[in-house]
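# Descriptive analysis of the structure
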Amino acid sequence: MDSTPAPGSRTAAATDARRRYAQDALGRVHGAIKQIKREKAQPSVSAVARRAGVSRSFIYDNPDARAAVSAALAEAGERRVQLMTEADGQRESTRRERA
């Protein structure tokens, strides 16, 4: 009697394992983004991938991971613009005081 599993069940098992890996990796990506925000570091695909222990290809290929990183990049860009605007306002007020 042959004890090897049927090909269909191996395929299903492989598909389930891949799905579990992707969900786990996606969770690590979200965790890395939170950590980068907490540290007020500049997010990038490379930084997130490195901290999450995934490849950059995973981030680009996985729509959920790509959307999360894109949102973090957009948020950081908005925050940077706001900080620059505030700094310009402070410099302008200091200049007026001197004049």
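Let me sum up the structure you'll find in this document. This structure is a prediction, so every number in the text was calculated from the model and none was measured.

### Quick notes on the packing of aromatic side chains
A complete count under the given rule lists one aromatic pair for this structure. Relative to Phe-58, the ring of Tyr-21 has its centre 6.4 Å away and its plane inclined at 75 degrees; by these criteria the two rings are edge-to-face. Within this pair, whereas Tyr-21 is found in helix α1 (residues 7-38), its partner Phe-58 is found in helix α3 (residues 56-61), the two being separated by 37 residues in sequence. Using a relative accessible area of 36% as the deciding quantity, one classes Tyr-21 as partly exposed. Residue Phe-58 is classed as buried on the basis of its relative accessible area, which comes to 10%.

### What about the environment of Gly-77?
By the secondary structure assignment, Gly-77 is in helix α4 (residues 63-98). Sequence separation between Gly-77 and Gln-42 is 35 residues; the distance between their C-alpha atoms is 9.2 Å.

### Focus: unusual backbone geometry
For Lys-40, which is not a glycine, the phi torsion comes out positive at approximately 55 degrees. Residue placement: Lys-40 occurs in the loop between α1 and α2 (45-52).

### Things to note about α2
Every buried residue belonging to α2 is among Val-45, Ala-47, Val-48, Ala-49 and Ala-52, and all of these are buried. Of the residues flanking the end of α2, it is Gly-53, one or two places downstream, whose phi is positive at about 75 degrees.

### A short note on the pattern of salt bridges
Applying the stated criterion to the full structure yields four salt bridges. Here Asp-16 makes a salt bridge to Arg-19, at a shortest N to O gap of 3.0 Å. With Asp-16 and Arg-19 both in helix α1 and three residues apart, the pair spans about one turn of that helix. Looking at Arg-19, the relative accessible area reads 49%, which means it is partly exposed. Across the salt bridge formed by Glu-39 and Arg-51, the nearest N and O atoms sit 2.7 Å from each other. Placement of the pair is Glu-39 in the loop between α1 and α2 and Arg-51 in helix α2, with a sequence separation of 12 residues. The exposure class assigned to Glu-39 is partly exposed, which follows from its relative accessible area of 44%. Owing to a relative accessible area of 37%, Arg-51 belongs among the partly exposed residues under this scheme.

Conventions used here
Residues numbered from 1 in each chain as written. Predicted model: local features only at pLDDT ≥ 70, side-chain atom pairs only at ≥ 80, totals over all residues. Heavy atoms only, no water. Phe/Tyr/Trp six-rings, centres within 6.5 Å; stacked < 30°, edge-to-face > 60°. Helix = DSSP H or I, 4+ residues; strand = E, 2+ residues; numbered from the N terminus. Buried < 20%, exposed > 50% of the residue type's maximum accessible area, 1.4 Å probe, protein only. Salt bridge = Lys/Arg side-chain N within 4 Å of Asp/Glu carboxyl O.

Treat this as a map of the structure, not an account of what it does.
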